[in-house]
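# Structural overview for review
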Amino acid sequence: MKGRETIKQALALFGGNFIVLFVGMGLFPLLPLYAARFGADNTAIGVFFAVTHLSNAMGPIAAGLLGYRFGYRRLFIASAILAVPAIVLMGTITAMWQLTALTSLVWFFGGLNIALVHILTGHLSTPQNRGKTFGLIALSIPFGSLLGGSAIGYIAETSGYQGLFLALAGW
């Protein structure tokens, strides 16, 4: 890292990665329970997860294709902003197909953002400090997963799914 500005950028990227993992890893175990509320059986939940994972895999592909055209920073900010309404709408759905579409959209933006965090980390770090910078970003994975898994179950228990999705959108 070159200076204060680069440290601020690295911490911002850490925060962006942390938020994606907090939401994704915390919400993931609750999704089958939420899907069952809409009449999904085991097969439908399996298809739901397959579509969701496919959408998540398309995020890094889109980062490579769209990053050159729109710029990595713009794309990072836009995808973070566009994920918020999809998360809010996940709390208001009435059918399984809506859950599948919105979850796929959120997971697509999550995959896109994680890829963009790594691309931007590579751009901002110097060759001498690249390991430290990527190490810092990598710390967001266990922290986001642990804290998201701990907090999201509690929020769902106390506020219900609609309150959960509003809290996640605010986060």
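In what follows, the accompanying structure is described. None of the values given here were measured: they were computed from a predicted structure.

### Some remarks on a nonpolar patch on the surface
- On the surface, Leu-54, Met-58, Ile-61, Leu-65, Leu-66 and Phe-70 cluster together to form a nonpolar patch covering roughly 580 Å² of accessible area.
- With respect to the secondary-structure elements, Met-58 resides in helix H3 (residues 42-70).

### Section: helix H4 (residues 72-90)
- Given a rise of 1.5 Å per residue, 19 residues ought to cover 27 Å, and the 27 Å separating the end C-alpha atoms of H4 matches this to within 8%.
- Inspection of H4 places Tyr-72, Leu-75, Phe-76, Ser-79, Ala-83, Ala-86, Ile-87 and Met-90 among the buried residues, and these make up the whole buried set. The buried residues of H4 occupy an angular sector of 100° when projected down its axis, which confines them to one face. Residues of H4 that are exposed and point more than 90 degrees away from the buried face comprise Arg-73, Arg-74 and Ile-81.

### With respect to H3
- For H3, built from 29 residues, the straight-helix expectation of 42 Å at 1.5 Å per residue is met to within 8% by its first-to-last C-alpha distance of 40 Å.
- At Gly-64, H3 shows its largest bend, some 30°.
- Turning to H3, its buried residues are Ile-45, Phe-48, Phe-49, Thr-52, Ser-55, Gly-59, Ala-62, Ala-63 and Gly-67.
- Looking at the buried residues of H3, the elements they touch are helix H2 (31-36), H4 and helix H5 (96-124).

### Notes on the packing of H5 against helix H6 (residues 130-170)
- In the contact formed by H5 and H6, the axes pass within 9 Å of each other and the chain directions differ by 155°. It follows from the interaxial angle that H5 and H6 lie roughly antiparallel. Remark: the crossing between H5 and H6 carries right-handed chirality. Between H5 and H6, the residues in contact are Val-117, His-118, Thr-121, Gly-122 and Leu-124 and Arg-130, Thr-133, Phe-134 and Ile-137, respectively.
- When grouped by side-chain class, the residues that make up the contact of H5 with H6 number four nonpolar, four polar and one charged.

### A short note on the nonpolar core
- Counting residues in hydrophobic clusters, the biggest one holds 45 residues, and the most contacted among them are Leu-27, Met-90, Leu-99, Leu-164, Phe-165 and Leu-168.
- Mapped by element, the contributors of at least two residues to this core are helix H1 (4-27), H2, H3, H4, H5 and H6.
- With twelve residues, the single largest contributor to this core is H5.
- In this structure, Leu-99 is in contact with Tyr-34, Ala-35, Phe-38, Phe-48, Met-90 and Ile-93, ignoring residues within four places of it in sequence.

### A short note on the packing of H3 against H4
- Look at H3 against H4: their axes get within 7 Å of each other, and the N-to-C directions meet at 120°. One way to sum up the angle between H3 and H4 is to call them oblique. Within the contact between the two elements, H3 uses Ala-62, Ala-63, Leu-66, Gly-67, Tyr-68 and Phe-70 and H4 uses Tyr-72, Arg-74 and Leu-75.
- Among the residues making up the contact of H3 with H4, the classes are represented as seven nonpolar, one polar and one charged.

### A word on the packing of aromatic side chains
- For the structure on display, the rule yields ten aromatic pairs.
- Ring geometry for Tyr-34 versus Phe-38: centroids 5.2 Å apart, planes at 80°, classification edge-to-face.
- For Tyr-34, a relative accessible area of 4% translates into the label buried.
- You can call Phe-38 partly exposed: its relative accessible area is 22%.
- Measuring from ring centre to ring centre gives 5.4 Å for Phe-48 and Phe-49, while their planes differ by 35°; the resulting arrangement is tilted. In this structure, Phe-48 and Phe-49 share a single accessibility class: buried.
- A network of ring pairs unites the aromatic residues Phe-28, Phe-48, Phe-49 and Trp-107 as a single cluster.

### Focus on the side chain of Thr-133
- Considering the arrangement of structural elements, one finds Thr-133 in helix H6.
- A residue is classified by how much of its surface remains accessible, and Thr-133, at 0% relative accessible area, is buried.
- At a separation of 2.9 Å, a polar atom in the side chain of Thr-133 contacts the main-chain carbonyl oxygen of Asn-129.

Conventions used here
- Every chain is numbered independently, its residues counted from 1 as its sequence is written.
- In view of the model being predicted, local features appear only for residues whose pLDDT reaches at least 70, and side-chain atom pairs are presented and counted only at 80 or more, with totals across whole chains, interfaces and linings using the full set of residues.
- Hydrogens and water are ignored here; the side-chain numbers use all heavy atoms of the structure.
- Residues enter patches when they are more than 30% accessible in relative terms and free of salt bridges; like-charged ones are connected within 9 Å and nonpolar ones (Val, Leu, Ile, Met, Phe, Trp, Tyr) within 5 Å.
- Note on areas: Shrake-Rupley with a 1.4 Å probe; residue coverage comes only from the protein chains shown.
- Any Lys or Arg side-chain nitrogen found within 4 Å of a carboxyl oxygen on Asp or Glu counts as a salt bridge.
- What counts as a helix is a DSSP run of H or I of at least four residues, what counts as a strand is a run of E of at least two, and both are numbered from the N terminus.
- Working rule for helices: expected span equals 1.5 Å times residues minus one.
- Accessible area is worked out with a 1.4 Å probe on protein chains only. A residue is then buried under 20% of its type maximum, exposed over 50%, and partly exposed in between.
- Summarising the geometry, the arc corresponds to the directions from the helix axis toward the C-beta atoms.
- One axis is fitted to the seven residues ending at the residue and one to the seven starting there. The bend at that residue is the angle between these axes.
- Contacts between residues were defined by any pair of non-hydrogen atoms, one from each residue, lying within 4.5 Å.
- For helices, the fitted axis covers only the stretch in contact; all axes are lines through C-alpha atoms, and the angles between them, taken along N-to-C directions, range from 0 to 180 degrees.
- Angular relationships are summarised with four words: roughly parallel below 35 degrees, roughly antiparallel beyond 145, roughly perpendicular across 65 to 115, and oblique for the angles in between.
- Throughout, a crossing is termed right-handed when the near helix is turned clockwise from the far one, and left-handed when it is turned anticlockwise from it by less than a right angle.
- When residues are grouped by polarity, Ala, Val, Leu, Ile, Met, Phe, Trp, Tyr, Cys and Pro land in nonpolar, Asp, Glu, Lys and Arg in charged, and all others, Gly among them, in polar.
- We define a nonpolar core as any set of buried Ala, Val, Leu, Ile, Met, Phe, Trp, Tyr and Cys residues linked to one another through side-chain atoms lying within 4.5 Å.
- Between rings of Phe, Tyr and Trp, where Trp is taken as its six-membered ring, a pair exists when centres lie within 6.5 Å; planes separated by under 30 degrees are stacked, by over 60 edge-to-face, and by other angles tilted.
- Under the rule applied, a polar contact is a pair of N or O atoms within 3.5 Å (in protein, one hydrogen donor and one hydrogen acceptor; residues adjacent in sequence only if both atoms are side-chain atoms).

Distances and angles like these do not, on their own, reveal function.
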